[in-house]
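Single-letter residue listing:
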Amino acid sequence: MRVVEVTAYGGPEVLRAVRRPEPDPADVPGRVRVRLRAAGVNQADLKIRSGRYAAALGALAPPFVLGYDFAGTLADPAPGLPEGTRVAGFVPWVEDGTGAGTYAETVLVEPEWLAPVPDEVDFTAAASLPLSAVTAAQALDLMALPEGSTVLVTGASGVVGRFAVQLAARAGHRVVALGHGDDAHELRVLGADAVVPRGTPAEAVAGVLGSAPDGVDGVFDAALVADPLLPAVKDGGVFVSASGERVPVAERGVRVDAVTGRPDAALLKELLGLVGTGGLATRVADVLPLESAAEAHRRAEAGHRPGRIVLMI
Ligand SMILES: NC(=O)c1ccc[n+]([C@@H]2O[C@H](COP(=O)([O-])OP(=O)(O)OC[C@H]3O[C@@H](n4cnc5c(N)ncnc54)[C@H](OP(=O)(O)O)[C@@H]3O)[C@@H](O)[C@H]2O)c1
């Protein structure tokens, strides 16, 4: 099958299209094959490729196949889902440690990692969502704030941030979005009550306090601003980072934590269902062929592209 490998840690040029043997479901009992149609390019892919997460990968070293998000069709039946069902999900890549990611024609996955894709949702849209939307939902769960709380979402122009804005608004929170000023209208349509344009951390704090003078009850920090944002949080509030490497030092009774997106088939089914009914918007920035993974990484690293870059397989 066609895959894109990381040949050595480095820049996008280390990505190479090669052929590997098809995975055999007999290799890992309980797993099922998915024939991929699309794979999302996540920030974590860029960090793994660069070698930033080398220590977390333990014995796993290049060459390996990157990729968390997938959308495609089941090549084997899974519990409750016949062969041929359109599915999407994400491979918990670091924890799984096989180096068999989703920049590939076929992946072997646990049934708990996937959910059916509604007819209304195409493969590229489905592949843009799993890791990001599940992580955003799990970050909000981790906050455990009562309905009507004021929640700040940073990186609101990004993929995870956009989902967090929408899900926080759906949960009945008052949402302050820290994102690009140009995205203010879109972020309001997605559910933000106030939009603070990104700037220096001091400007961000002043902007947030301008719309929430007592401070916010909770922050989901998808932009990884960390400590400089703490003055925007109420005493006894909660701060959830999108990275365990960027958790601020607790102060004034503020609970600090980090989210790690974990596969949750029921949650993913609900989120994909919302996309199908128009209750959750997902945005695809670009669709490129699998073999153009290096160009996809260059574009993702350049930033300022609203939406997920998706590889078409
Ligand atoms: N813990 C987990 O399981 C998990 C899962 C998924 C993602 N993540 C992490 O979550 C983060 C967001 O992921 P993503 O896919 O949403 O990435 P993304 O689409 O690139 O979004 C990040 C956004 O943050 C913005 N940003 C960067 N610095 C900022 C600042 N100082 N103030 C305000 N905005 C700022 C970026 O703007 P520009 O584009 O202009 O730079 C971009 O809009 C990444 O670090 C990713 O690794 C963690």
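Residues numbered from 1 in each chain as written. Predicted model: local features only at pLDDT ≥ 70, side-chain atom pairs only at ≥ 80, totals over all residues. Heavy atoms only, no water.

Participant: Give a detailed account of the overall build of the chain, specifying residues and quantitative values.
Facilitator: Helix and strand content of the chain: 9 helices and 16 strands. Computed over its C-alpha atoms, the radius of gyration of the chain comes to 19 Å, within 12% of the 20 Å expected for a compact globule of 313 residues. Across its three principal axes, the chain shows a C-alpha extent of roughly 60 × 40 × 35 Å. Every one of the 313 residues in the chain was classed for burial, and the buried ones make up 53%. Once local pairs closer than 6 in sequence are excluded, the contacts in the chain between residues at least 24 apart make up 64%. Carbon and sulfur atoms make up 52% of the accessible area of the chain, which totals about 12500 Å². Both charge centroids of the chain, one from 28 positive and one from 38 negative side chains, sit 4 Å from each other. (Helix = DSSP H or I, 4+ residues; strand = E, 2+ residues; numbered from the N terminus. Rg over C-alpha atoms; globule rule 2.2 N^0.38 Å. Buried < 20%, exposed > 50% of the residue type's maximum accessible area, 1.4 Å probe, protein only. Contact = heavy atoms within 4.5 Å. Areas by Shrake-Rupley, 256 points an atom, 1.4 Å probe, with all protein chains shown as cover. Lys, Arg positive; Asp, Glu negative; His and termini not counted. Charge placed at Lys NZ, Arg CZ, Asp CG, Glu CD.)

Participant: Summarise the pattern of salt bridges; cite the residues concerned and give the values.
Facilitator: Under the definition given, this model contains 20 salt bridges. Where Arg33 meets Asp76, a salt bridge forms, and the shortest distance between an N and an O atom there is 2.7 Å. Here Arg33 is found in strand S3 (residues 32-41), whereas its partner Asp76 is found in the loop between strand S5 (69-74) and strand S6 (86-90), with 43 residues between them in sequence. Given a relative accessible area of 13%, Asp76 falls into the buried group. The closest approach of N and O atoms between Glu295 and Arg299, which form a salt bridge, is 2.8 Å. Of the two residues, Glu295 and Arg299 are both situated in helix H9 (residues 293-302); the distance of 4 residues between them amounts to about one turn of the helix. Classification of Arg299 by relative accessible area gives partly exposed; the value is 25%. When salt bridges with common partners are traced through the structure, they connect Arg162, Asp183, Glu186 and Arg283 into a single cluster. (Salt bridge = Lys/Arg side-chain N within 4 Å of Asp/Glu carboxyl O.)

Participant: So, the domain arrangement of the chain: which residues are in play, and what are the values?
Facilitator: For the chain, the assigned domains read domain 1 (2-128 + 283-312) and domain 2 (132-258). Taken together, the contact pairs 11 residues of domain 1 with 10 residues of domain 2. Taken over both partners, the interface formed by domain 1 and domain 2 buries close to 740 Å², and the fraction arising from carbon and sulfur atoms is 44%. Counting across the interface, domain 1 meets domain 2 through 2 salt bridges. Glu245 is paired through a salt bridge with Arg52; the nearest N and O atoms lie 2.9 Å apart. (Domains from an automatic or database assignment. Buried area = accessible area lost by both parts, 1.4 Å probe.)

Participant: Explain the sheet that holds strand S1 (residues 2-6) to me, and be specific about the residues and the numbers.
Facilitator: Strands belonging to one sheet form pairs held by backbone hydrogen bonds; the direction of such a pair is parallel or antiparallel. Pairing in this open sheet of 3 strands is antiparallel, and the strands run S2-S1-S4 from one edge to the other. The strands lining the two open edges of the sheet, one partner per strand, are strand S2 (15-19) and strand S4 (64-65). As defined by bridge partners, S1 adjoins S4 across 2 bridges and the pair is classed as antiparallel. Along S4, the bridge assignment pairs Val6 with Phe64. (Pairing = 2+ DSSP bridges.)

Participant: Mind laying out the site of the ligand, listing which residues take part and the relevant values?
Facilitator: Taken together, the neighbourhood of the ligand is formed by 22 residues, with Val160, His180, Val259, Gly261 and His304 sitting nearest. A distance of 2.8 Å separates a nitrogen atom of the ligand from a polar atom in the backbone of Ala242. Within the side chain of Arg308, an N or O atom sits 3.0 Å from an oxygen atom of the ligand. Burial of the ligand by the surrounding chains reaches 80%, relative to a free accessible area of 920 Å². When grouped by side-chain class, the residues that make up the shell around the ligand number 9 nonpolar, 10 polar and 3 charged. Each of domain 1 (2-128 + 283-312) and domain 2 (132-258) accounts for three or more of the residues forming the shell around the ligand. (Near = heavy atom within 4 Å. Polar contact = N/O pair within 3.5 Å; in protein donor to acceptor, adjacent residues only side chain to side chain. Nonpolar A, V, L, I, M, F, W, Y, C, P; charged D, E, K, R; others polar.)

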